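Here is what each chain is made of, one letter per residue.
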Amino acid sequence: MRDMRWETLDKEYLVKRPWLTARRDTVKLPSGVVMDEYYVLEYPDWINVIARTKDGNFVFIRQYRYALGQACFELVAGVVEQGEAPVDAAKRELLEETGYAGGEWQEIMTISANASTMNNLTHCFLAEGVEKVAEQNLEATEDIEVHIMTTEEVRSLMEKGDMKQALMAAPLWKYFCLKG
């Protein structure tokens with residue numbers, strides 16, 4: 001296969017904040033074409049967790065999403081801190097946001113939110129057999145409800161299109177495809 005990598009000729013940071021970093025690159029394609037404005041959003045890697053209790057129910061959260069203007073049902077998700085393994089970030093976020101921990105863990109897929117303009121990946125985990133071990137430990141900016149849902153409730157949520165976050169819908173659809 002041919003090498004399709006682009007050559008970076010220049011990088012200029014337009015915004016560099018803790019939760020938003022945007023840069024404008026000048027790039028040269030293998031064909032020789034130069035693009036003076038190619039925009040990249042830099043983010044740390046993310047995780048999300050399909051968590052199932054010992055009795056087979058799903059641990060979901062519900063929180064308000066300002067950009068959409070609505071409260072959404074979601075999987076536990078969060079940022080992988082610098083130097084942290086994705087599975088450790090997933091376990092930390094599940095415990096902090098829901099108070100659930102333990103179980104058997106496996107990474108079921110790694111996906112990109114938008115490979116054309118975002119430089120990070122989302123590591124998606126399945127945690128089977130988790131149990132409540134603590135109370136939530138939320139940050140001041142977090143307002144999260146924990147919801148324990150049956151398989152039928154989660155399938156209905158998916159089938160009705162009520163799972164708005166694509167990075168969460170993808171691993172859930174894969175889960176249901178593989179597990180039936």
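Higher on the page you've got the structure.
Residue numbers run consecutively from 1 along every chain, following the written order of its sequence. Where totals are concerned, whole chains, interfaces and linings use all residues; where local detail is concerned, this predicted model gives features only for residues with pLDDT of at least 70, and gives and counts side-chain atom pairs only at 80 or more. Computation of side-chain values covers all heavy atoms of the structure but excludes hydrogens and water.

### Things to note about the environment of isoleucine 50
Then comes step 1: Helix and strand definitions here come from DSSP, where helices need a minimum of 4 consecutive H or I residues and strands a minimum of 2 consecutive E residues; each element is numbered from the N-terminal end. Tracing the backbone through its elements, the reader meets isoleucine 50 in strand 4 (residues 46–53).
Then comes step 2: Between the C-alpha atoms of isoleucine 50 and aspartate 3, which are 47 residues apart in sequence, the distance is 36 Å.

### A look at the nonpolar core
Then comes step 1: Nine residue types can take part in a nonpolar core, namely buried Ala, Val, Leu, Ile, Met, Phe, Trp, Tyr and Cys, and a core is a set of them joined through side-chain atoms within 4.5 Å. When a residue's accessible area, from a 1.4 Å probe over protein chains only, is under 20% of the maximum for its type it is buried; when over 50% it is exposed; and in between it is partly exposed. With 20 residues, the main nonpolar core has Ile50, Phe60, Val154, Met163 and Leu172 as its most contacted residues.
Then comes step 2: Counting only elements with at least two residues in this core, the list comes to strand 5 (58–65), strand 9 (104–111), strand 10 (122–132), helix 2 (151–159) and helix 3 (166–179).
Then comes step 3: With 6 residues, the single largest contributor to this core is helix 3.
Then comes step 4: If near-sequence neighbours (up to four positions away) are discounted, phenylalanine 60 is found in contact with Phe73, Glu74, Leu75, Glu145, Val146, His147, Met149, Val154, Leu157, Met163 and Leu172.
Then comes step 5: With 16 residues, the next largest nonpolar core counts Ile47, Ala90, Leu94 and Val130 among its residues. It only takes one pair of heavy atoms within 4.5 Å for two residues to be counted as in contact.

### A look at the packing of aromatic side chains
Then comes step 1: A pair of aromatic rings is counted whenever rings of Phe, Tyr or Trp (Trp by its six-membered ring) have centres within 6.5 Å, and the orientation is called stacked for planes under 30 degrees apart, edge-to-face for over 60 and tilted otherwise. Taken as a whole and assessed by the stated rule, the structure comprises 7 aromatic pairs.
Then comes step 2: On the basis of an interplanar angle of 90° and a centroid distance of 5.7 Å, the ring pair of phenylalanine 58 and tyrosine 175 is categorised as edge-to-face. Here phenylalanine 58 is found in strand 5, whereas its partner tyrosine 175 is found in helix 3, with 117 residues between them in sequence.
Then comes step 3: Seen in terms of ring centroids, tyrosine 175 and phenylalanine 176 are 5.4 Å apart; in terms of plane orientation they differ by 80°. Their pairing is edge-to-face.
Then comes step 4: Here, over-ring charges are defined by two tests on the NZ atom of lysine or the CZ atom of arginine: distance to the ring centre within 6 Å, and angle to the ring normal within 35 degrees. Here the basic side chain of arginine 62 rests over the ring of phenylalanine 73, its NZ or CZ set 5.9 Å away from the ring centre.
Then comes step 5: Taking the ring centre of phenylalanine 176 as reference, the NZ or CZ of arginine 155 above it sits at 4.9 Å.

### Thoughts on helix 3
Then comes step 1: Multiply 1.5 Å by the residue count of a helix minus one, and that product is the helix's expected span. In this model helix 3 runs 20 Å from its N-terminal to its C-terminal C-alpha over 14 residues, within 8% of the 20 Å that 1.5 Å per residue would give.
Then comes step 2: Those residues of helix 3 that sit buried are Leu167, Met168, Ala169, Pro171, Leu172, Tyr175 and Phe176.
Then comes step 3: For helix 3, the capping residue at the N-terminal end is glutamine 165, with a side-chain oxygen 2.6 Å from the backbone nitrogen of leucine 167.
Then comes step 4: Taken from the residues just after helix 3, glycine 180 is the one with a positive phi, measuring 85°. Here a polar contact means two N or O atoms within 3.5 Å. Within protein one must be a hydrogen donor candidate and the other an acceptor candidate, and residues neighboring in sequence count only if both atoms are side-chain atoms.

### Brief notes about the pattern of salt bridges
Opposite charge on two side chains allows them to pair when their charged atoms are near.
Then comes step 1: For salt bridges, the criterion is a side-chain nitrogen of Lys or Arg within 4 Å of an Asp or Glu carboxyl oxygen. Counted under the stated rule, the structure contains 13 salt bridges.
Then comes step 2: For glutamate 131, the salt bridge identified is with lysine 54, shortest N-O distance 3.6 Å. Separated by 77 residues along the polypeptide, glutamate 131 in strand 10 and lysine 54 in the loop between strand 4 and strand 5 bring together distant segments of the chain.
Then comes step 3: In this structure lysine 54 comes out as exposed when scored by relative accessible area, which is 61%.
Then comes step 4: Here glutamate 145 makes a salt bridge to arginine 62, at a shortest N to O gap of 3.4 Å. In this pair, glutamate 145 sits in strand 11 (residues 145–149) while arginine 62 sits in strand 5, placing the two residues 83 residues apart along the sequence.

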